[in-house]
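These are the residues of each chain, in order.
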2 protein chains.
Amino acid sequence: VDNHAKIVLYGVGLINGSLGLALKARGFAGRVVGIGRRAETLEIACEVGAVDEWTLDPADGLRQARLVVIGTPVDCVAATVKRLTEHAEPDALFTDVGSVKAGIVRDCARLAPTTHFVGAHPIAGSERMGAKAARADLFENAVCVLTPSTATHPEDVQRIHDLWERVGARVVEMSPEVHDALLAASSHLPHVVASALARVVADTVVDGRPALDFAAGGFRDTTRIAAGSVEMWTPILRENAVEIAAAVRRFSRELDTIADAIEADDADAIREWLRRSSSIRRRFEENPAHGF
Amino acid sequence: VDNHAKIVLYGVGLINGSLGLALKARGFAGRVVGIGRRAETLEIACEVGAVDEWTLDPADGLRQARLVVIGTPVDCVAATVKRLTEHAEPDALFTDVGSVKAGIVRDCARLAPTTHFVGAHPIAGSERMGAKAARADLFENAVCVLTPSTATHPEDVQRIHDLWERVGARVVEMSPEVHDALLAASSHLPHVVASALARVVADTVVDGRPALDFAAGGFRDTTRIAAGSVEMWTPILRENAVEIAAAVRRFSRELDTIADAIEADDADAIREWLRRSSSIRRRFEENPAHGF
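Residues numbered from 1 in each chain as written. Chains lettered and ligands numbered in written order. Predicted model: local features only at pLDDT ≥ 70, side-chain atom pairs only at ≥ 80, totals over all residues. Heavy atoms only, no water.

**Things to note about the packing of helix H10 (residues 241-263) of chain A against helix H10 (residues 241-263) of chain B**
Between two packed helices, both the angle of their axes relative to each other and the distance between the axes serve to describe the pair.
Part 1 of the reasoning: Following both chains from N to C, one finds H10 of chain A and H10 of chain B inclined at 165 degrees, their axes separated by 10 Å at the closest point. In terms of orientation, H10 of chain A lies roughly antiparallel with respect to H10 of chain B. Judged by the twist between their axes, the crossing of H10 of chain A over H10 of chain B is left-handed.
Part 2 of the reasoning: A class-by-class count of the residues in the contact of H10 of chain A with H10 of chain B yields 16 nonpolar, 2 polar and 8 charged. (Axes fitted to C-alpha atoms, helices over the stretch in contact; angles between N-to-C directions. Helix = DSSP H or I, 4+ residues; strand = E, 2+ residues; numbered from the N terminus. Parallel < 35°, antiparallel > 145°, perpendicular 65-115°, else oblique. Left-handed = near helix turned anticlockwise from the far one by under 90°. Nonpolar A, V, L, I, M, F, W, Y, C, P; charged D, E, K, R; others polar.)

**Concerning the confidence of the model for chain A**
Part 1 of the reasoning: On average, residues of chain A score 95 in pLDDT, and 98% of them reach the 70 mark or higher.
Part 2 of the reasoning: Prediction confidence for the complex, expressed as pTM and ipTM, is 0.95 and 0.95 respectively. (pLDDT = per-residue confidence, 0-100.)

**Quick word on the sheet that holds strand E8 (residues 143-146) of chain A**
Residues and elements named next belong to chain A.
Part 1 of the reasoning: Spatial strand order, E7-E8-E9: 3 strands in an open sheet with mixed pairing. The two strands at the open ends of the sheet, each matched to only one other strand, are strand E7 (120-123) and strand E9 (170-173). In this sheet, adjacent strand axes meet at a mean angle of 20 degrees when their direction is disregarded.
Part 2 of the reasoning: Bridging between E8 and E9 involves 4 bridges; their strand directions are parallel. Bridge pairing in E9 places cysteine 144 opposite valine 171. (Pairing = 2+ DSSP bridges.)

**A closer look at the interface of chain A and chain B**
Part 1 of the reasoning: Taken together, the contact between chain A and chain B spans 92 residues of the former and 92 residues of the latter.
Part 2 of the reasoning: Buried surface at the junction of chain A and chain B, summed over both partners, amounts to about 8,600 Å²; 67% is from carbon and sulfur atoms.
Part 3 of the reasoning: Summed over the shared surface of chain A and chain B, the number is 14 salt bridges.
Part 4 of the reasoning: Salt-bridge contacts for arginine 249 of chain A lead to aspartate 260 of chain B; the nearest nitrogen and oxygen are separated by 3.0 Å.
Part 5 of the reasoning: Along the contact surface separating chain A from chain B lie 33 residue pairs in polar contact (both at pLDDT 80 or more).
Part 6 of the reasoning: Taken together, the elements giving at least two residues each to the side of chain A that touches chain B come down to E8, E9, helix H7 (176-202), strand E11 (209-210), helix H8 (217-223), helix H9 (230-239), H10 and helix H11 (267-286) of chain A.
Part 7 of the reasoning: Per element, the largest residue contribution to the side of chain A that touches chain B is 19 residues, and it comes from H7 of chain A.
Part 8 of the reasoning: Looking at the side of chain A that touches chain B, its residues break down into 53 nonpolar, 15 polar and 24 charged. (Contact = heavy atoms within 4.5 Å. Buried area = accessible area lost by both parts, 1.4 Å probe. Salt bridge = Lys/Arg side-chain N within 4 Å of Asp/Glu carboxyl O. Polar contact = N/O pair within 3.5 Å; in protein donor to acceptor, adjacent residues only side chain to side chain.)

**With respect to the pattern of salt bridges**
Part 1 of the reasoning: Scanning all chains against the criterion turns up 42 salt bridges over all chains.
Part 2 of the reasoning: With a shortest N-O distance of 4.0 Å, glutamate 40 of chain A and arginine 38 of chain A are connected by a salt bridge.
Part 3 of the reasoning: Note that arginine 106 of chain A and aspartate 107 of chain A form a salt bridge whose closest N and O atoms lie 3.5 Å from each other.
Part 4 of the reasoning: Residue arginine 106 of chain A is classed as exposed on the basis of its relative accessible area of 54%.
Part 5 of the reasoning: Residue aspartate 107 of chain A is classed as buried on the basis of its relative accessible area, which comes to 17%.
Part 6 of the reasoning: Each of Asp221 and Arg224 of chain A together with Asp221 and Arg224 of chain B takes part in salt bridges that share partners, so that together they form one network. (Buried < 20%, exposed > 50% of the residue type's maximum accessible area, 1.4 Å probe, protein only.)

**A look at the relation of the copies chain A and chain B**
Part 1 of the reasoning: Laying chain A over chain B is done by rotating through 180 degrees and shifting 0.0 Å along the axis; what remains is an RMSD of 0.0 Å. Here the transformation between the copies is reduced to the relation of a two-fold axis. The position closest to the rotation axis in chain A is occupied by the C-alpha of threonine 222 of chain A, lying 1.9 Å away.
Part 2 of the reasoning: A shared interface surface links the copies, since 100% of the contact residues of chain A are contact residues in chain B too. (Least-squares fit on C-alpha atoms with pLDDT ≥ 70 in both.)

**A few points about the packing of H9 of chain A against helix H11 (residues 267-286) of chain B**
Part 1 of the reasoning: Packing of H9 of chain A against H11 of chain B leaves a shortest axis separation of 9 Å and a crossing angle of 135 degrees. Between H9 of chain A and H11 of chain B, the crossing angle belongs to the class labelled oblique. Considering only the axes of H9 of chain A and H11 of chain B, their crossing is right-handed. On H11 of chain B, the residues that touch Val230, Trp233, Thr234, Leu237 and Arg238 of chain A of H9 of chain A are Ala267, Ile270, Arg271, Leu274, Arg275 and Ser278 of chain B.

**Examining the nonpolar core**
Part 1 of the reasoning: By size, the foremost hydrophobic cluster in this structure holds 134 residues, and its most contacted members are Phe94 and Phe251 of chain A together with Phe94 and Phe251 of chain B.
Part 2 of the reasoning: Apart from residues no more than four positions distant in its own chain, phenylalanine 251 of chain B is found in contact with Val193, Ala196, Leu197, Val200, Phe251 and Leu255 of chain A together with Leu189 and Val193 of chain B. (Core = buried A, V, L, I, M, F, W, Y, C linked by side-chain atoms within 4.5 Å.)

**A few points about the environment of arginine 63 of chain A**
All names here are of chain A.
Part 1 of the reasoning: Here arginine 63 lies in the loop between helix H3 (58-62) and strand E4 (65-70).
Part 2 of the reasoning: Along the backbone, arginine 63 and leucine 237 are 174 residues apart, and their C-alpha atoms lie at a distance of 35 Å.
Part 3 of the reasoning: Beyond its immediate sequence surroundings of up to four residues, arginine 63 is in contact with Lys6 and Glu89.

**Notes on the packing of aromatic side chains**
Residue and element names in this part refer to chain A.
Part 1 of the reasoning: All told, the structure shown has 5 aromatic pairs over all chains when counted by the stated rule.
Part 2 of the reasoning: For the pair phenylalanine 139 and tryptophan 164, a centre-to-centre distance of 4.9 Å together with 80 degrees between the ring planes defines the contact as edge-to-face. With phenylalanine 139 in the loop between E7 and E8 and tryptophan 164 in helix H6 (residues 154-166), this residue pair connects regions lying 25 residues apart in the sequence.
Part 3 of the reasoning: When its relative accessible area of 1% is taken as the criterion, phenylalanine 139 is described as buried.
Part 4 of the reasoning: According to the relative accessible area criterion, tryptophan 164 is buried, its value standing at 0%. (Phe/Tyr/Trp six-rings, centres within 6.5 Å; stacked < 30°, edge-to-face > 60°.)

**Examining the pairing of E4 of chain A**
All names here are of chain A.
Part 1 of the reasoning: Of all 6 residues in E4, 5 are buried, a share of seventy percent or more.
Part 2 of the reasoning: In terms of strand pairing, strand E1 (residues 6-10) meets E4 through 5 bridges, oriented parallel. Among the inter-strand pairings, tyrosine 10 is bridged to a residue of E4, identified as isoleucine 70.
Part 3 of the reasoning: Here E4 pairs with strand E5 (residues 93-96) via 4 bridges, running parallel. Looking at E5, one finds that leucine 67 is bridged to leucine 93.
Part 4 of the reasoning: Since E4 and E5 lie parallel, the crossover through helix H4 (residues 77-85) that links them has a hand, and here it is right-handed. (Right-handed = clockwise from strand over helix to strand, strands pointing away.)

Shown next, in the form of C-alpha cells:
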C-alpha cells in the first residue's frame, strides 16, 4: 500500500474501523475516508479515529482513492462493488472483509468484470459490533485469508497481502471454496451452536424455575458469540448454506455419539470422548494457530 | 457457622480452595484443615492460603471438626462421607459441592443414615482446576443450591445456608431432582456441546488444511470449558445421565430446526432464529441471574 495513498473504507464497523485504526497506528500517512449509508455510524468512526473524514457521497469519497475496502454484510459486497465502480478511479483496487467468499468472488466477477477485486477475510472480531468496539491491535497474529481466482491480477493480490501484513496479520491464500468449507466449521458452526444453546437453556423451565437462573461461567463463555449481529450473521448462514448445514449435521452426529454413550453408561467411552476434547482444547490454548 | 469452629475441607480443588480463601477473607477465625489423598495438592492449598494446615490422616484432621465439606468428584462423595463418619464427631455436619445431587443425596442417606448431611452446589467454577486457581471472590453473586430431603434437619440446612451466604452466594433450596434437571441444561449441556465442537472442528481438514488453524475468538470462547477436568466431568455425565441425554436430544432437535431453515434458504426463519438467540444472550449479559 502506497503510504500516502487515499484509502476508502466502505461501511465502517468493527473490522473496517479496526483496519483504519491499525493503519494509523502502523504509520500509514495517507488519508482514510469512510463511506457508508448512515451518518451516525460514520461520525462514530471519525470520533474514534478510524477514519480521517467521511461522506455519504460515493463520487466524492472515491475520487483519487487507490484502495476500497468493503465492510458490508456479505450479501451486499458484490452489489456495492458494482455500484461504486462507476465512481471509482479505473485502477482503484477493491477488496472486502467478508466471512464467506465463494459467492462474493463469483458475483464480483459477474457484476463488475473489469473491476480489480481481491476477496479477503481477516479472521478476527467478536460479538461486539461497530466502530466503537474497534481496536488497533485486532489483527495482530490474526490469520487473513485471500481468495484470488485465476482472473485476479497477481500484483493486486500482492497489494492486499501487504495491507494485511502491515496491520499484523498472517496472510494465507486459498480458493474461495476451501475457505468457505474451513470457516463453516471453525467460525460459522460455533455461531450456530452458541445460538442453539442460548435457546435451549432459555426454553428449559423445571418446577417453575428457569434454567437460565442457574447458568454461570460455562454458559456465558459458550454462548457469548450468540449475541452477535443478526444483520451480519443471517447473510453468512445463507451464503454458506451448504457447508454450514453439512457442518451442523456432522456436529449432530457427534452429539449422538456421546448421548448414546451416556445412555449406555459406557464409562470408558465417555471418559475417552471427554479426554480427547479436553486435549484438543488445551493444545489450541497453548498454540492457537499451530499450523503456522 | 461458629466463627471459631474447625472446618474440614476434604479434597481441596478450585471450589473448596476458593471456599477456604473466601472464609478467611470474610473474617472467619476458626481453623480450616485440608484433608485429601495427595500431599502435593494439599501443600498447594496451604501455600495459597486456602487451608491453615493439612493432613492425609482423616482421624487426625476430623478431631473436633464441626463442619466437613466434601470436594471430591461427584461419584466419590457418598463413599467419602461414609468413610469419614467413623472418624468424625457425632454432631459433625457434612456437606458437599457437587454438580449432580440426586445420587449423592440418595447414597448418603443409604450409606451413612445417621450422619448429618446437606447436599449443596455452589454454581461457580471454570475450566481451571485446582487450589492454584482458587479465588476468594469466586462465590460473590453466585447461586448456591441446597437440596435437603425430608430427612434433613432444618438447623443443618440453616448452617449450610449461612456458610454460603457468608461467602457472598445467593442460596436457593430445591429438590435434588429439580436441581439435576436444571443443571443438565444450564451447565452439563454446555460442557457436552463445547466438547463436541472442539472435536468436530479438530476433525475438519479441507484440502490439507486443518480448520483449527482458522479458528479465532468465537471458537475459543465457545469451547473454553471443554478443557475442563475429565476426572470431574466423567462422573457428572454418568450420575446425571438421564437428564443430560434428554438435554442433548433437545439440543439436537434445535440444531435440526436451523439446519432445515438453512437448507431451505428460509431467510425469515433464519433471521428470527438468530434474533431470538441474540436477544436471549444479550439479556443474560445485562442481568446474569434475572430471576433473583
